[in-house]
Amino acid sequence: MGPAADTTTAAMRRSLNLLERVDYRLAQTAAEKEEIYRLRYRAYSREGMVKESADRRVTDQFDDLPNTWIFGVHLFGELFSSVRISLLNSEWRQSTSAHVFGELLMPKLDRGEVLVDPSRFVADPDKAGRFPELPYLTLRLAYMACEYFKADLGLAIVRPEHQAFYRRVFLHETVAEPRLVPGLARPFG
């Protein structure tokens with residue numbers, strides 16, 4: 001076995017070990033949500049995505065909708081990342097992507113399609129570098145939601161510099177030019 005195979009095998013073992021240690025927690029209490037809102041602020045601040053604010057938290061009108069679930073991804077008992085999952089269907093039509101790209105998504109909902117919209121994917125800027133697998137562990141929730149809800153389409157609202165990663169790893173297609181998302185300083189596509 002050559003060095004490349006050894007490296008691949010070691011990476012796979014590490015990923016499987018992390019899957020045993022990851023804890024996906026639905027944020028249900030005010031304190032759990034507050035911890036995630038503060039994580040969002042730290043992550044977005046580090047990237048220059050939000051203006052400085054005294055309350056040091058990022059939340060919006062989509063966080064408390066009945067079609068939305070906020071998850072914290074914990075490793076070794078600590079919050080490392082978070083993602084918000086929104087379910088869109090003919091009844092539930094509100095989410096970040098529906099707000100920003102409504103003209104593309106509303107016709108799909110009118111046809112009865114089911115969409116899963118993961119948004120507010122953030123990782124703790126002080127911890128994320130320790131685990132390059134963290135994006136995969138976090139976005140696993142979105143793919144599980146697509147399967148659970150039997151979605152016709154899984155969305156990803158991402159910055160332009162991350163679109164190649166989503167195309168290569170998750171086989172996503174870019175369907176719209178980047179636009180500003182309310183509350184954030186740079187566009188997402």
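The preceding data block contains the structure.
The paragraphs below set out a description of the structure included in this document. In this text the structure is predicted, and so the values were computed from the model without any measurement.

**Focus on the packing of aromatic side chains**
The geometry of an aromatic ring pair comes down to the distance between the two centres and the angle between the two planes. The full count for this structure, using the stated rule, is 10 aromatic pairs. Judged by centre distance (5.5 Å) and plane angle (70 degrees), the rings of Phe80 and Phe131 are edge-to-face. Separated by 51 residues along the polypeptide, Phe80 in strand 3 (residues 78–88) and Phe131 in the loop between strand 4 (115–123) and helix 5 (134–148) bring together distant segments of the chain. By the burial criterion, Phe80 is buried, and Phe131 matches it. Taking the centre distance of 5.0 Å and the plane angle of 85 degrees together, the rings of Tyr148 and Phe149 count as edge-to-face. Looking at Tyr148, the relative accessible area reads 64%, which means it is exposed. The class for Phe149 is partly exposed, based on a relative accessible area of 25%.

**Remarks on the layout of surface pockets**
Estimated volume of the second largest pocket: approximately 180 Å³. The wall of the second largest pocket is formed by Tyr24, Trp69, Phe71, Ile85, Leu141, Met144, Ala145, Tyr148 and Phe149. Counting only elements with at least two residues in the lining of the second largest pocket, the list comes to strand 2 (68–75) and helix 5. Top contributing element to the lining of the second largest pocket by residue count: helix 5, with four residues. Of the residues belonging to the lining of the second largest pocket, the class tally is nine nonpolar, no polar and no charged.

**A look at the environment of Val169**
Structurally, Val169 is set in helix 6 (residues 163–170). With 60 residues separating them in the primary sequence, Val169 and Leu109 have C-alpha atoms 27 Å apart.

**What to know about the pattern of salt bridges**
Within the structure shown, the criterion is met by 18 salt bridges. Across the pair Lys33 and Asp64 runs a salt bridge, and its minimum N-O distance is 3.3 Å. Remark: Asp64 occurs in the loop between helix 2 (30–46) and strand 2 and Lys33 occurs in helix 2; sequence separation between them is 31 residues. Asp64 sits in the exposed class, given a relative accessible area of 58%.

**Points about the nonpolar core**
Counting residues in each nonpolar core, the largest one holds 20 residues, and the members touching the most others are Tyr44, Val50, Val181, Leu184 and Phe188. If sequence neighbours within four positions are ignored, Tyr44 has contacts with Met49, Val50, Val58, Arg120, Val122 and Leu184. One finds Val22, Val73, Leu75 and Val114 within the second-largest nonpolar core, a separate group that totals 18 residues.

**Quick word on the side chain of Glu113**
By secondary structure assignment, the location of Glu113 is in the loop between helix 4 (102–110) and strand 4. In this view, Glu113 contacts Leu88, Asn89, Lys108 and Asp152; residues no more than four positions away in its chain are not counted.

**Some points on the packing of helix 5 against helix 6**
Taken N-terminus to C-terminus, the directions of helix 5 and helix 6 make an angle of 70 degrees; their axes are 14 Å apart at the nearest point. Between helix 5 and helix 6, the crossing angle belongs to the class labelled roughly perpendicular. Of the two possible hands of crossing, helix 5 and helix 6 adopt the one that is right-handed. Taking contact as the criterion, the partners of Tyr136, Leu139 and Tyr143 in helix 5 are, on helix 6, Phe165, Tyr166, Val169 and Phe170. For the contact of helix 5 with helix 6, the residue count by class is seven nonpolar, no polar and no charged.

What counts and how
- Residues numbered from 1 in each chain as written.
- Predicted model: local features only at pLDDT ≥ 70, side-chain atom pairs only at ≥ 80, totals over all residues.
- Heavy atoms only, no water.
- Phe/Tyr/Trp six-rings, centres within 6.5 Å; stacked < 30°, edge-to-face > 60°.
- Helix = DSSP H or I, 4+ residues; strand = E, 2+ residues; numbered from the N terminus.
- Buried < 20%, exposed > 50% of the residue type's maximum accessible area, 1.4 Å probe, protein only.
- 1 Å grid on protein atoms, 1.4 Å probe; cavity = no way out; pocket = protein on both sides within 12 Å on 5 of 7 lines; lining within 4 Å.
- Points joined across faces, edges and corners; volume = space filled by probe spheres on them.
- Nonpolar A, V, L, I, M, F, W, Y, C, P; charged D, E, K, R; others polar.
- Salt bridge = Lys/Arg side-chain N within 4 Å of Asp/Glu carboxyl O.
- Core = buried A, V, L, I, M, F, W, Y, C linked by side-chain atoms within 4.5 Å.
- Contact = heavy atoms within 4.5 Å.
- Axes fitted to C-alpha atoms, helices over the stretch in contact; angles between N-to-C directions.
- Parallel < 35°, antiparallel > 145°, perpendicular 65-115°, else oblique.
- Left-handed = near helix turned anticlockwise from the far one by under 90°.

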